[in-house]
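Understanding the architecture of this molecule
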Amino acid sequence: MGASMMAGPHGTATACAPRPLVVWSIALVGCAASVVSVSLAATFHPNSGAIAGEAGKPLVLALLFGWLTSAYVGCGLIAWWHRPASRFGPLMIVLGFTIFVTGLARAANDLVFTIGYAVHLLPPVLFAQLFLAFPTGRLRTPLQRSMITGACATALGLSLFRMTLGGLGRHNLLEVVDAPGAAMTVLRVQLLVIIATCMTAFVLLVVRRAGAGPPLRRSLNVLIISFAGGLLMIGLHLGSIVVGAPAVQQIRWATFATLGVAPIAFLVGMLNDRLARSAVGELVIELRQEPAPADLRDGLARALRDPSLTLAYWLPDFSRYVDSDGRPVDLPAPDSSRATTLIDHRGAHVAVLLHDPSLVDEPALLEAVAAAAGIALENGRLHADLRARLDELRGSRARIVDAGQRERKRLERDLHDGAQQRLVALSLELSLLEGTLQADPAACSTIDHARNEIATSLEELRDIARGLHPAVVSGHGLEVALEQLAARAPVPVRLHVDMANRLPERLEVAAFYLVAESLANVGKHAGAASAAITVARIGDQVVVEVVDDGIGGADAERGSGLRGLADRVEALEGRLRVWSPAGGGTRLRAELPCAW
Amino acid sequence: MRVVIAEDSVLLREGLERLLQENGLDVVGTCQTGDELLELVRREPPEVAIVDIRLPPTHNDEGMQAALEIRAERPDVGVLVLSQYVELGLAMKLLGESADGAGYLLKDRISDVQDFIAAVHRVAAGGSAIDPIIVSTLLAKRRRDDPLTALTPREAEVLELMAQGRSNQGIADKLTITLRAVEKYVSSIFGKLGLPTGCGDSRRVLAVLLYLHS
């Protein structure tokens, strides 16, 4: 059993976990960076006013800086380690270090300040990129990529240009002219572009989650909310700088704190995923209890924690996917909000899971669930296959019956309009001829003989036509047609038809034959003195009952007559029941579904 | 006597027209559909309309519907329905509450010219013509303990002809017995079946049919 992603942007086999040496080195550097960040922020004297809006309690800021750096680097490492195929981890690490580098702007060294200041507007853009790229670490659309690239260029390129305009104090190595007014204008432009980027990313996130529908996993929800909240706070913070709002410092703290929540939410989500593996164990136990195929989907949905999960079986003979009832299922388009995981068993494709795209980020879980459900899925597929075949068989039986009936009706009509009319006309011609030959008794007798022959032929044709199709049923309805059957029956028959409207022709014809054959059986086998026929519409069924007071003992399985009747009824998806106790008469009841 | 014909088979329509004309009837119009028939009857009111039960466009019950409409709209116009099959249910539907001026015969009966022309005359005159198959069907389904079993074979024969719509004279001719004898059989039959005596020819047809059908 193997699972493979079909429409996830995830899943390159070449990705492998980073080497432990690399991980430890990065962790070490990250720790050092956090310490440097904290000490720089704590010892920073904001008298230079170099960093926009920077003022107030240095220790709070120092701790927030240290936390952001270490949290993003640390979480990035964990993510990279567990999901090497995703770029999300490395992206987090880069972001963590960038935050550290921006902190260098607080340093007294000219070069260090210049480097730190050059990137100090980059983190908001990187946050926007990171959050938009969850969970794969890749941006989804070219538009998003160009937006982030543009914002990066604004944050980094314009900062370098702005530094040539001076106004940043003595540590700025890039100052060419001293034009603080122009520098301020450029800064405003930068801030506005970055605000716009963050707000767009916020809207994109919200729209994407709303589009994914309600069945979203809870830990993921918290994560997305923290992402969206972070972006909103960045926008608010930068906005407050642009308009020079009074509480800039407090807003900055709140912003940093909000951004600091995202890694925690991320870790909790990962922990949940680990716990989810134990749900696979529950699934295995559940599958041992041989659930019905419908339960298989529910079990898988529970194990994968995705209530929106759809399970579709692949039927190679039909070249289509079906649900457990054999009804066709269409796969979503590759770029839709649903992801697709194909499941194979012993080299053959068995089923497909349509699930929340966030599951793409948990290939191991998908793999484990697919493996656990292996044989059950194969069984489920066989069930679905059987049902699909049954449906098809039912459909084709109904079509064959209909086609047969149409053909018989056509033949009856041809007989009626052709041979029967011609024979009547011929007989009439002979009569007219006879009128002119009154003087020749021998000729008259021959004509009379011929006319009798024609009468016999007509009678035979009438019997054949009636056997082909009961035209009177089509023409005048079941009730009128049953009168003749009842009158011609071998025993006196009480007829009761309770129907407001005509039924579909196939039902009327079936009911007619049902009564005709039942009455024939009554005459042949029942030894009855009388019989009763009831036809009634009960709910969405037509119920035909033929009851006699004969010897009973009719066997539905042995008597080919009864078997034929049952076939006729079942072809219309109805049910035939026979009660025939020895000596107690026979009661035959057919229930035909009728939606009209 | 004025007759109209509604029959979609050309062969039969023309044959019927010739047959009627040769027997001194005046065919004032022929047509092929139920709607045309209704229009023809309104335009050229005949004494009797001869109608094929299956008419275009669907060949289902158009002829029957037209016949029922004429009977409701123009009680003075006799309606003789012809069909390749005769059905008890259809006979009862056509007659409704009265057998006056109504006929329902198998198409084959046309070639028995004398009987057929007599039936046309009877229906035109407000009498009735019920196919022998219908009558025999009704007679066949009687129970063993039925009052019908009390009838003599001759009386049964008379009952059958009576149910077909024949007059006493018609029955006398058919059985080659005297009118007096027929009248004697009829009153004996009515006595045995408990039917009210003294009604006219066509009333008694319905009475006998309903008695048999009950």
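Throughout what follows, the structure given in this document is the object of discussion. (Residues numbered from 1 in each chain as written. Chains lettered and ligands numbered in written order. Predicted model: local features only at pLDDT ≥ 70, side-chain atom pairs only at ≥ 80, totals over all residues. Heavy atoms only, no water.)

Quick word on unusual backbone geometry
Most peptide bonds adopt trans geometry, and most residues besides glycine take a negative phi value. Basically, it comes down to this: In DSSP terms, a helix is any run of H or I states spanning at least four residues, a strand is any run of E spanning at least two, and both are numbered starting from the N terminus. For each residue, the accessible area found with a 1.4 Å probe, counting protein chains only, is set against the maximum for its type, and the residue is called buried under 20%, exposed over 50%, and partly exposed in between.
Of note, the amide linkage connecting P56 of chain B to P57 of chain B takes the cis form, showing an omega dihedral of 5°. On the secondary structure map, P57 of chain B appears in the loop between β3 (48–52) and α3 (62–73). The phi dihedral of R346 of chain A is positive, around 50°, even though this residue is not glycine. Relative to the elements of secondary structure, R346 of chain A occurs in the loop between β5 (339–345) and β6 (348–355). Assessed through its relative accessible area of 73%, R346 of chain A is described here as exposed. One non-glycine residue, E573 of chain A, adopts positive backbone phi at about 60°. As for its position among the elements, E573 of chain A is in the loop between α17 (560–571) and β10 (575–579).

Some remarks on a nonpolar patch on the surface
Residues and elements named next belong to chain A. As a reminder, the rule being used: Each patch is built from salt-bridge-free residues with over 30% relative accessible area, joining like charges within 9 Å and nonpolar side chains (Val, Leu, Ile, Met, Phe, Trp, Tyr) within 5 Å. The accessible surface values rely on the Shrake-Rupley method and a 1.4 Å probe; as for residues, cover is taken only from the protein chains in view. Take a side-chain nitrogen of Lys or Arg and a carboxyl oxygen of Asp or Glu: if they are within 4 Å of each other, that pair is a salt bridge.
Among the surface-exposed residues, L111, I115, L156, L160, L173 and L174 lie close enough to one another that they form a single nonpolar patch of about 480 Å² accessible area. When residues of the nonpolar patch are traced back to their parent elements, those giving at least two are α4 (110–118) and α6 (142–164). Residue classification places L173 among the partly exposed residues on the basis of a relative accessible area of 47%.

Observations regarding the packing of α3 of chain B against helix α4 (residues 88–95) of chain B
Residue and element names in this part refer to chain B. Spelled out, the test is: Axes, fitted as lines to C-alpha atoms, cover a helix only where it is in contact. Angles between the N-to-C directions of the axes lie from 0 to 180 degrees. Every angle not falling under 35 degrees, over 145, or within 65 to 115 is termed oblique; those three ranges are roughly parallel, roughly antiparallel and roughly perpendicular. Two residues qualify as a contact provided that any one of their heavy atoms is within 4.5 Å of a heavy atom in the partner residue. Only Asp, Glu, Lys and Arg are considered charged in this grouping, and only Ala, Val, Leu, Ile, Met, Phe, Trp, Tyr, Cys and Pro are considered nonpolar; every other residue, Gly among them, is considered polar.
Two elements in contact, α3 and α4, have axes whose closest approach is 9 Å; the angle formed by their N-to-C orientations is 25°. When the axes of α3 and α4 are compared, the pair comes out roughly parallel. Side by side, α3 and α4 meet where M64, Q65, A67, L68 and R71 of the first sit next to L90, K93, L94 and L95 of the second. Residues of the contact of α3 with α4, tallied by class, amount to 6 nonpolar, 1 polar and 2 charged.

Side note on the pairing of strand β4 (residues 78–83) of chain B
Residue and element names in this part refer to chain B. Rule in force here: Strand pairing is assigned whenever DSSP identifies at least 2 bridges connecting the two strands. With the strands aimed away from the viewer, a crossover counts as right-handed if its path from the first strand over the helix to the second runs clockwise.
Counting buried positions along β4 yields 6 of 6 residues, so the element is predominantly enclosed. Bridge count for β3 against β4 is 5 bridges, and the pairing is parallel. Bridge pairing links V51 to V81 in β4. Taken together, β3, α3 and β4 constitute a β-α-β crossover, and its handedness is right-handed. In this fold, the crossover linking β4 to strand β5 (residues 102–106) by way of α4 has right-handed handedness.

Some remarks on the layout of surface pockets
Threshold: Buried and open spaces are told apart on a 1 Å grid over the protein atoms alone, a cavity being a set of points where a 1.4 Å probe fits but cannot get out and a pocket being an open set with protein on both sides within 12 Å along at least five of seven lines. Residues with an atom within 4 Å of a point are the lining residues. Grid points are joined across faces, edges and corners, and a volume is the space filled by probe spheres set on the points.
Put simply, the largest pocket is a space of about 850 Å³. Going through the elements one at a time, α12 (374–436), α13 (441–468), α15 (478–488) and α16 (505–526) of chain A together with β5, α5 (113–124), β6 (128–130) and α6 (132–140) of chain B are the ones with two or more residues in the lining of the largest pocket. The element that contributes the greatest number of residues to the lining of the largest pocket is α13 of chain A, accounting for 10 residues. For the lining of the largest pocket, the per-class residue count stands at 22 nonpolar, 6 polar and 14 charged.

Notes on helix α8 (residues 168–175) of chain B
Residues and elements named next belong to chain B. The cut-off we apply is this: Relevant arc is that of directions from the helix axis to the C-beta atoms, nothing else.
Every buried residue of α8 is listed here: N168, I171, A172 and L175. Buried residues in α8, looked at end-on, bunch into an arc of 100°, giving them a common side. A positive phi of about 45° marks T176, the residue just after α8.

Considering the packing of α4 of chain A against α6 of chain A
Residue and element names in this part refer to chain A. Running from amino to carboxyl end, α4 crosses α6 at an angle of 135°, the nearest separation of the two axes being 9 Å. The angle between the axes of α4 and α6 places the two elements in the oblique class. Across the interface between the two elements, T114, Y117 and A118 of α4 pack against A155, L156, S159, L160, R162 and M163 of α6. Looking at the contact of α4 with α6 residue by residue, the classes come out as 6 nonpolar, 2 polar and 1 charged.

Re the sheet that holds strand β8 (residues 531–538) of chain A
Residues and elements named next belong to chain A. With respect to topology, 5 strands assemble into an open sheet ordered β7-β8-β9-β11-β10, the strand pairing being mixed. If you trace the sheet from one side to the other, it starts and ends with β7 (493–498) and β10, each paired once. With direction set aside, neighbouring strand axes in the sheet form an average angle of 10°. Pairing of strand β9 (residues 541–548) with strand β11 (residues 586–593), which is carried by 8 bridges, proceeds in the antiparallel orientation.

So, the interface of chain A and chain B
Quoted interface sizes are often the accessible area lost when the parts come together. The condition is simple: Buried area: the accessible area, evaluated with a 1.4 Å probe, that two parts lose upon being put together, summed over both parts. Residues adjacent in sequence count toward polar contacts only when both atoms are side-chain atoms; beyond that, a polar contact is any pair of N or O atoms within 3.5 Å, and within protein one must be able to donate a hydrogen and the other to accept it.
Each partner contributes to the interface: chain A provides 29 residues, whereas chain B provides 36 residues. Both faces combined, the contact of chain A with chain B buries some 3100 Å², and carbon together with sulfur accounts for 55% of it. Per-residue buried area on chain A facing chain B is highest for L428, L432 and H476 of chain A; these three make up 19% of the total on that side. There are 3 salt bridges connecting chain A and chain B. Two residues, R462 of chain A and D108 of chain B, come together in a salt bridge whose shortest N-O distance is 3.3 Å. Run the count over chain A and chain B and you get 10 residue pairs in polar contact (both at pLDDT 80 or more). Those elements giving two or more residues to the side of chain A that touches chain B turn out to be α12, α13, α14 (471–476) and α15 of chain A.

Some points on the packing of aromatic side chains
All names here are of chain A. Put simply, the rule reads: Geometry of aromatic contacts follows a simple scheme: Phe, Tyr and Trp rings, the Trp one being its six-membered ring, pair when their centres are within 6.5 Å, and the pair is stacked under 30 degrees between planes, edge-to-face over 60, tilted otherwise. Charge over a ring is defined by NZ of Lys or CZ of Arg lying within 6 Å of the ring centre and within 35 degrees of the ring normal.
Inspection of every chain in the model, using the stated rule, returns 12 aromatic pairs over all chains. Between F113 and Y117 the ring centres are 5.7 Å apart and the planes differ by 25°, which places this aromatic pair in the stacked class. In this pair, F113 and Y117 are both assigned in helix α4, 4 residues apart and thus about one turn of the helix distant. Taken as a pair, F113 and Y117 share a single burial class, namely buried. Considering the side-chain rings of F131 and F227, the 4.2 Å spacing of their centres and the 10° angle between planes classify their relative orientation as stacked. You can see F131 sitting in helix α5 (residues 122–132) and its partner F227 sitting in helix α8 (residues 218–243), a full 96 residues away along the chain. For the pair shown, F131 and F227 are each scored as buried. Sitting over the face of the ring of W579, R587 holds its NZ or CZ atom 4.4 Å from the ring centroid.

Focus: the pairing of β3 of chain B
Put simply, side chains in a regular strand alternate between the two faces of the sheet. Residue and element names in this part refer to chain B. Buried residues dominate β3, accounting for 5 of its 5 residues. Residues V48, I50 and D52 of β3 are buried on one face, and the alternating residues A49 and V51, pointing to the opposite face, are buried as well. In this structure, strand β1 (residues 2–6) lies alongside β3, joined through 4 bridges in parallel fashion. Looking at β3, one finds that A6 is bridged to V51.

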